[in-house]
Amino acid sequence: MKKITRQTFTFSVVLTMVFSLFFSLEGVKIKSAPTCSLLTYNEVGQFYEIWDADDLITMACRVNSTNSQITSDPLLVDNEATYKLMADIDMAEVTDWVPIGTSFSPFSGSFDGAGYKISNLIIDKTTTYGETYDGWLEMHAAGLFGSVVSGIIEDVTLDNFAINVEPVQNNELQVRDNRMIFAGLLAAAIENTRIDEVRITNSDLSFVDFSHGLSDVVIKVGGLSGYSDHSLITNTRVSADIHLDDHAGLERSYVFFTYVGGFIGNAHDTQIGASKFAGDILVSVDTEFESYVGGLVGSADFDRRGIKASMFQIVPQFNNNEVKANISFDNKDEQVYYAYLGGMFGSLYKGSIISGSVLETTIDASIYSSGFYLGGLVGRGIDSNVLFSRFEGDLHVHESHAAYVGGVIGGLDGESAIHQSYSIGDMDVESTYFMVGGLVGAVDYWGSRPAALSDIEQIGGLSLMNIYSRMNISVSHYEAISDRSIQRSVQNFVGGLLGLVFGDSTQVQYGYFAGMIDLSQEGFTVDALFNFTEYIGFGLSPDLYYDEDLLDESITSSYGEPKTTVEMKTQSTFTNFDFESIWVRTDAYNDGYPTFRWGRYLVQFVPNNDTVIPDQLTLRAVAPTDPVKQDYTFTGWRLPSATVNYVFNVLLDQDIVLTAHYLSNLNVLVEGTASLNPSAKGLETAVTYTDEERNNSILTKLVITILDEVDADEEALVSAYLAGLDK
């Protein structure tokens, strides 16, 4: 599994380095420069004011002309200046937009959206940047910004943006072969750039037949930016649809590499945090060599290819990101070698996903490939970690040749780890050869050192610890008609957690599988937990379980214990699981199966009536709807032995139980007299919440009923009795 793929991965990185070199060239002079208008300069704030569409056009003109031959106007050197939006801007009347920043004169300043919105920008073609580089490449770009190097873009909303590129006869994309296409709704490409609080809404990006009549095309497309190098992206939201459809049907037309991501198509040394993508990603491209498609990033790596002057430090982590998407990938061209598809990343090299969520997501792929990797979070991860993360959705593979499919990661290699992570949903795989697992399809450990995990117990090798899957797995054999062979075993493997583990250097501890496995035919190698190519008893804990009630009796495991569904929903079954700090079990979550705390605490409610109030697994308890109890008035929730009501929305530091407290309604109608209301006489202290106290309250009512009058002494006696009931 590793030899061929490592070679192709290295080739991909080298080729991308060549592309990056071209893209970062500076100082090349364009032949002429336009006459640019002036912008209002705010002397106090030291920024240019952007009020309308004309100002944005002027900004682009001035930035793109900075390195031109015309430098007599000192205000023309504006690519490092600060710009600030002063109002919402409607771009509906702009028909020939030129992106801000070129590869020769990149935007290197600061753009402050000040919370304003730019809307209705339509881009229907790419912009050509310069001549070919060394006779090899020509770059085309599309976006609000073109090239951004050492810039800052913050606090802006882009609404109803669209990039719609559909080459026609005599279009510039037909001029020559060997070209790159970068496209993103915010920027075509960014380098050493900080992006914060950018919001993209109601937008779409579409390329149709973009390789028309060409060969050796590389396309990098992202909802935010097509390409990123050494950049930091935080607190950003992208809600957009991305559509690539390229089946030109010409003999000499093909795409060399395809990179597509909800945020970034291709990212090097780029950190993304506290950000969300929502939308549809539809890719139907006949790619010759490799395709990378991800809900967040198509391909991401932290290989540290060189030290750059930087405004900030990049950490190889992706923290607190969320994807909700429908992803469709269609590539049946038999020329394709490798394809990587994931709910968050198509491929991830030397990075860590921390608290990542792919939710309400469906991934559907139809591909004929020598190696196809599909994962709920990551298609293929090398020397990478997935911590405190989850996939909840469905995975579908049709007519594949060689598929490695996992609920979290399709293929996991090198010094890697999955800790406190899970997958829930359905997966069905139709392939000639396959390795399918509810958590990981194929696991292969190359190294000998522990996985690099900060603040996580290092147990050495490739580590999978505190994991579970509730994926329902269905597999079927695809009878491919082809004379093409692949360098793989003819066996097919299915595992509830791991499809196949190569070698014996993988540690698996504290986990379970609770899903169904449906086999279309016999002859597959199946285990309720996982399969090994070789196993000598190293690295497995006895604390591995599977729900036997959900599986056919023929499906068992040599590596864990079968339990009934009732046992799987009983905490005492999981003897050595850490239910104090890692695991938690409650009927209100995960259908009663154990799940992860992830720093949260369990809040249980005792309403003392005929209703049930669901438990909360949270950082801060939220007040539920007030419970109702006949003949009582609800007064609040209290901790055990507390004399005052609990205050909600306070940060928790432990599990708690809250009990409902009530006030007895002591209104009594005495025969021959008016209604006697002890509350009006200051007798409202009767707080009851148990049957015994309720009976005492009734007894108190009977005592009051026989009183014709309540004098001062009698009232004092009753008050003292009721005060004793106050809990």
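Residues numbered from 1 in each chain as written. Predicted model: local features only at pLDDT ≥ 70, side-chain atom pairs only at ≥ 80, totals over all residues. Heavy atoms only, no water.

Asker: Run through the overall build of the protein, naming residues and quoting values.
Answerer: For the protein, the count of helices and strands is 5 helices and 56 strands. Residues counted as buried form 58% of the 727 residues belonging to the protein. Sequence-distant contacts, at least 24 apart, represent 80% of the contacts inside the protein between residues at least 6 apart. With an accessible surface of roughly 29100 Å², the protein has 48% of that area assigned to carbon and sulfur atoms. (Helix = DSSP H or I, 4+ residues; strand = E, 2+ residues; numbered from the N terminus. Buried < 20%, exposed > 50% of the residue type's maximum accessible area, 1.4 Å probe, protein only. Contact = heavy atoms within 4.5 Å. Areas by Shrake-Rupley, 256 points an atom, 1.4 Å probe, with all protein chains shown as cover.)

Asker: Help me get a handle on helix α2 (residues 53-64), residues and values and all.
Answerer: End to end, α2 covers 17 Å across 12 residues, agreeing with the expected 16 Å (1.5 Å per residue, within 8%). Counting buried residues along α2, 10 of its 12 residues qualify, which places the element largely inside the surrounding structure. Within α2, burial applies to A53, D55, L56, T58, M59, A60, C61, R62, V63 and N64. In this structure, the buried residues of α2 make contact with β2 (47-50), β3 (82-85), β4 (89-90), β5 (110-112), β6 (117-119) and β10 (145-149). Structurally, the start of α2 carries an N-cap: the backbone nitrogen of D54 is 3.2 Å from a side-chain oxygen of D52. (Expected span 1.5 Å × (residues − 1). Polar contact = N/O pair within 3.5 Å; in protein donor to acceptor, adjacent residues only side chain to side chain.)

Asker: Could you give me a rundown of unusual backbone geometry, with the residues and numbers involved?
Answerer: Comment: phi is negative for the bulk of residues other than glycine, and the bulk of peptide bonds are trans. A positive phi angle, close to 55°, is found at N160, a residue other than glycine. Secondary-structure assignment places N160 in the loop between β11 (152-159) and β12 (162-165). One non-glycine residue, D631, lies in positive phi territory at about 70°. Its place among the elements puts D631 in the loop between β51 (616-618) and β52 (632-638).

Asker: Summarise the state of the cysteines; cite the residues concerned and give the values.
Answerer: The term disulfide refers to a covalent linkage connecting the sulfur atoms of a pair of cysteines. Throughout the structure, instances matching the rule amount to 1 disulfide. With its sulfur 2.0 Å from that of its partner, C36 forms a disulfide with C61. Its torsion about the S-S bond being -80°, the disulfide of C36 and C61 is classed as left-handed. Pair noted here: C36 is in the loop between α1 (3-23) and β1 (41-42) and C61 is in helix α2, with a separation of 25 residues, a long-range link. Residue C36 is classed as buried on the basis of its relative accessible area of 15%. You can call C61 buried: its relative accessible area is 15%. (Disulfide = S-S within 2.5 Å.)

Asker: Now, about the pattern of salt bridges: what can you tell me, with residues and values included?
Answerer: A side chain of one charge can pair with a side chain of the opposite charge if their charged atoms are brought near each other. Applying the stated criterion across every chain, the model contains 10 salt bridges. A salt bridge links K563 to E561, with the nearest nitrogen and oxygen atoms 3.3 Å apart. Of the charged contacts, one joins D587 and R585 as a salt bridge, the two residues approaching to 3.0 Å between their closest N and O atoms. Its relative accessible area of 64% is what places D587 among the exposed residues. (Salt bridge = Lys/Arg side-chain N within 4 Å of Asp/Glu carboxyl O.)

Asker: With reference to specific residues and values, describe the side chain of S203.
Answerer: Within the fold, S203 resides in strand β15 (residues 194-208). In this structure the side chain of S203 is engaged in a polar contact, spanning 3.4 Å, whose partner is the backbone nitrogen of N160. With residues up to four places along the chain from it excluded, the contact list for S203 reads L158, D159, N160, F161, L185, S239, A240 and D241.

Asker: I'd like a rundown of the environment of L551, residues and numbers included.
Answerer: Mapped onto the fold, L551 is located in the loop between β46 (544-547) and β47 (561-563). When the C-alpha atoms of L551 and D518 are compared, they prove to be 8.5 Å apart, with 33 residues separating the residues in sequence.

Asker: For the sheet that holds strand β21 (residues 264-268), give the residues involved together with the corresponding values.
Answerer: Strands sit in the order β10-β14-β17-β21-β25-β29-β33-β36-β38-β41-β45 across an open sheet of 11 strands; the sheet is parallel. Of all strands in the sheet, those bounded by a partner on one side alone are β10 and β45 (530-532). The mean angle between the axes of side-by-side strands here comes to 5°, regardless of whether they run parallel or antiparallel. Both strand β41 (residues 498-502) and β45 contribute to a ladder of 2 bridges, which runs parallel. What sits directly across from L498, in β45, is F530. (Pairing = 2+ DSSP bridges. Axes fitted to C-alpha atoms, helices over the stretch in contact; angles between N-to-C directions.)

Asker: Could you give an account of the packing of aromatic side chains, with specific residues and numbers?
Answerer: On inspection of all chains with the given rule, the structure shows 40 aromatic pairs. Here Y512 and Y593 contribute two aromatic rings whose centre-to-centre distance is 6.1 Å and whose plane-to-plane angle is 20°, an arrangement assigned as stacked. Residue Y512 is located in strand β42 (residues 506-513), and its partner Y593 is located in the loop between β48 (583-584) and β49 (595-596); the two are separated by 81 residues in the primary sequence. Y593 shares its class with Y512; the two are buried. The structure contains a cluster of three or more aromatic residues connected by ring pairs, namely Y422, Y468, Y510, Y512, Y545, F574, F577, F579, W583, Y593, F596 and W598. Over the aromatic face of Y632 sits the side chain of K629, whose NZ or CZ is 5.1 Å from the ring centroid. The residue whose ring lies beneath K629 is Y662, and the NZ or CZ to ring-centre distance is 5.2 Å. (Phe/Tyr/Trp six-rings, centres within 6.5 Å; stacked < 30°, edge-to-face > 60°. Lys NZ or Arg CZ within 6 Å of the ring centre and 35° of its normal.)

Asker: I'd like a rundown of the nonpolar core, residues and numbers included.
Answerer: If you look at the biggest cluster of nonpolar residues, it comprises 129 residues, and the most contacted ones within it are M59, F111, F145 and F207. For this core, the element with the highest residue contribution is strand β39 (residues 462-477), accounting for 6 residues. Other than its neighbours up to four places away in sequence, M59 contacts L39, I50, Y83, I100, F107, F111 and F145. One finds F182, A189, F256 and Y404 within the second-largest nonpolar core, a separate group that totals 21 residues. (Core = buried A, V, L, I, M, F, W, Y, C linked by side-chain atoms within 4.5 Å.)

Asker: How would you summarise the environment of A114 if you had to cite specific residues and measurements?
Answerer: Within the element layout of this structure, A114 appears in the loop between β5 and β6. Separated by 40 residues in the primary sequence, A114 and E154 have C-alpha atoms spaced 7.8 Å apart.

Asker: So what's going on with the side chain of R638? Residues and values would help.
Answerer: Relative to the assigned elements, R638 resides in strand β52. Side-chain polar atoms of R638 contact the side chain of N645, separated by 3.1 Å.

Asker: Which residues make up the pairing of β11, and what values do they have?
Answerer: Alignment of β5 against β11, held across 3 bridges, turns out to be parallel. Bridged to D112 within β11 is E154. Two strands pair when backbone bridges link them, and β6 and β11 are joined in this way by 3 bridges, in the parallel orientation. Across the sheet, residue S119 finds its bridge partner in β11, namely D159.

Asker: Got a sec to walk through the environment of F207? Specific residues and values, please.
Answerer: Structurally, F207 can be placed in strand β15. Along the backbone, F207 and I219 are 12 residues apart, and their C-alpha atoms lie at a distance of 9.9 Å.

Asker: Please provide a residue-by-residue account of the confidence of the model for the protein, values included.
Answerer: Here the protein averages 81 in pLDDT, and 73% of its residues register 70 or above. With pLDDT under 50 throughout, residues 1-34 is counted as low confidence; its partners more than four residues away or in other chains account for 83 contacts. Within the model, the stretch residues 69-76 combines pLDDT values under 50 with 17 contacts to residues more than four positions away or in other chains. (pLDDT = per-residue confidence, 0-100.)

Asker: Go over the pairing of β46, please, and point to the residues and values.
Answerer: A two-sided burial pattern is seen for β46, the buried positions comprising L544 and Y546 on one face and Y545 and D547 on the other. Two elements, β42 and β46, share 3 bridges in a ladder whose sense is parallel. If you follow Y512 over to β46, its bridge partner there is Y545. As paired elements, β46 and β47 share 3 bridges and run parallel to each other. Bridge pairing in β47 links D547 to K563.

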